Amino acid sequence: MHQTEILSPYTIPYSDLVILSSSSPFIDERLRSVYRSIVETLGPAGSGFLAVTGVAGASRLRESVLPLARDLAIMSHDQRKRILKDHNLGSDIPLKNLDRHVSSFVMQLNFQHRSVSKAQSFQNRGNQNSVEEYMEPEKSSSSADQKFNNLGSNFKELGFRMMELGLCIARICDRANGSHELEQSLLDAGSAKGRLIHYHSALDTVIIKESGKKRGSRKNYDSLKFCHSEDTLEGCITGSDLWQQWHYDYGTFTVLTSPMFISPSFSETADARDECISPCTKECPSPSGHSCLQIFDPKKNKIFVIKAPPDSCIVQVGESADVLSRGKLRSTLHSVCRPSGLEMFSRETFVVFLQPAWNKVFDISGYPKELLSSYDYSFEGDDSRDGQPDLNKVTDFHKIVPPLTARLRDGMTFAEFSRETTRQYYGGMGVQSKR
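This one's a predicted model, so the numbers in the text were calculated from it and none came from an experiment.

Roughly 1,600 Å³ of volume is contained in the largest pocket. Lining the largest pocket are 50 residues, and of these Arg195, Gln244, Gln245, Tyr426 and Gln432 lie nearest its centre. At the level of secondary structure, the elements contributing two or more residues to the lining of the largest pocket comprise strand E4 (102-110), strand E5 (191-199), strand E6 (242-247), strand E7 (253-257), strand E13 (334-337), strand E14 (346-354) and helix H15 (414-426).

The five strands are arranged E1-E11-E10-E13-E6 in an open sheet whose pairing can be described as mixed. Only two strands of the sheet have a single neighbouring strand rather than two, namely strand E1 (5-7) and E6. Between one strand axis and the next, the sheet turns by 35° as a mean value, whatever way the strands run.

Let's shift gears to the packing of helix H3 (residues 58-65) against helix H7 (residues 151-177). Running from N to C, H3 and H7 cross one another at 140°; their axes reach a closest spacing of 10 Å. The angle between H3 and H7 falls in the class oblique. Helix-helix and strand crossings are classified by hand; for H3 and H7 the assignment is left-handed. On H7, the residues that touch Ala58, Leu61, Arg62, Ser64 and Val65 of H3 are Asn154, Phe155, Glu157, Leu158 and Arg161. Residue classes in the contact of H3 with H7 are distributed as five nonpolar, two polar and three charged.

Attention now goes to unusual backbone geometry. Despite not being glycine, Asn88 shows a phi value in the positive range, around 60°. As for its placement among the helices and strands, Asn88 is situated in the loop between helix H5 (77-86) and E4. For Asn88, a relative accessible area of 62% corresponds to the exposed category. Positive phi outside glycine occurs at Cys292, with the angle close to 70°. Examined against the element boundaries, Cys292 turns out to sit in the loop between strand E9 (280-284) and strand E10 (293-297). A relative accessible area of 1% places Cys292 in the buried class.

Summed over all chains, the structure comprises 19 salt bridges. Arg195 is the partner of Asp92 in a salt bridge, and the nearest nitrogen-oxygen pair spans 2.9 Å. Taken as a pair, Asp92 in the loop between H5 and E4 and Arg195 in strand E5 lie far apart in primary sequence, 103 residues in all. Given the relative accessible area of 13%, Arg195 is considered buried. The partner of Glu181 in a salt bridge is Lys360, with the nearest N and O atoms 3.0 Å apart. Taken together, the residues span a long stretch of sequence, with Glu181 in helix H8 (residues 181-189) and Lys360 in the loop between E14 and helix H13 (369-373) at a distance of 179 residues. Classification of Glu181 by relative accessible area gives partly exposed; the value is 27%.

Thresholds applied
- Residues numbered from 1 in each chain as written.
- Predicted model: local features only at pLDDT ≥ 70, side-chain atom pairs only at ≥ 80, totals over all residues.
- Heavy atoms only, no water.
- 1 Å grid on protein atoms, 1.4 Å probe; cavity = no way out; pocket = protein on both sides within 12 Å on 5 of 7 lines; lining within 4 Å.
- Points joined across faces, edges and corners; volume = space filled by probe spheres on them.
- Helix = DSSP H or I, 4+ residues; strand = E, 2+ residues; numbered from the N terminus.
- Pairing = 2+ DSSP bridges.
- Axes fitted to C-alpha atoms, helices over the stretch in contact; angles between N-to-C directions.
- Parallel < 35°, antiparallel > 145°, perpendicular 65-115°, else oblique.
- Left-handed = near helix turned anticlockwise from the far one by under 90°.
- Contact = heavy atoms within 4.5 Å.
- Nonpolar A, V, L, I, M, F, W, Y, C, P; charged D, E, K, R; others polar.
- Buried < 20%, exposed > 50% of the residue type's maximum accessible area, 1.4 Å probe, protein only.
- Salt bridge = Lys/Arg side-chain N within 4 Å of Asp/Glu carboxyl O.

Structural data, given as structure tokens:
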């Protein structure tokens, strides 16, 4: 099978990011070099992706929050509805759709509610292994919900830390551009969207479909065990080579944790009368050796997969930052691939979407026209190698990604741009409406 080329993004420690985002002048030549590398990496000549390590407490919060995404995805609708309500969470996809391959759980994170003092005192202690010590336990509706006791508080705390990271990046980019527009646009918005995402394994999809049928059926139970066999799994579910289709993020910055991969281990002692038949799970290293996040580099006409440090946070540029910076920052076309032959693994991640205020007006009069039109391209790649599907089989991006020139007009507000982008991607006549 063709080996896709791996890209390791430029990586910096969070402590450097904090210093560089301050208003103090750079005295250290090393910091000057780091600053230049950040600007280049997020600019037109770079990948548009950056990895940040050492965000205080983020590693432990990631370990606490991410595994719950799968539990929420495969549980009964009524139980999930109760837990989400208890923790002020919702979803931005139809969870009653039994054919879905992704489940997500969202919360609006307000800037004024950031627990800066707690995060700062935690950072000063230098303790990155304990999170629960300063979290207030949340009440649970039933004993079955105990594992979700701190879901809401940990979700918010992880989100707040990633929001701070995004603000640091905005300040650094503003400094390079000689303005305060990026940071101010984020603060004017007043909030960001936190999203806990579960990318289903093939077995997860089978479990979800079976859970929608009459429970307690020995036939259903046996089919789950049958489908667990790797030899028969392909016959039980037809997977796609993409968990998430190619797209641009249309906000300002997207901050995400390095993904967690989970491998199921089916229990032979499970009772068919259980409310929800599901396998045991365990975290495992990436089965493909990378994050499964892939990008297209139009300069090299290549598709790369991102490989970031395990406990890092990844920052990527969105289209709004691209437009507000007049092309000095560059958003990147990306997708999430589902490696062939590894259908038994699920993928979990946590994402914070930072965006301008809804009433922010876009002025594209100063945006270089050659950059605006450079978004419209196709990829010349092979459809297969050695009889195996190749990630490079996407050849006509314009057929699945609506061009920026068709979605953005001068004088549009961010709300209008958001609606038009969503419509052209996923509306009734959208290019991905049936994908």
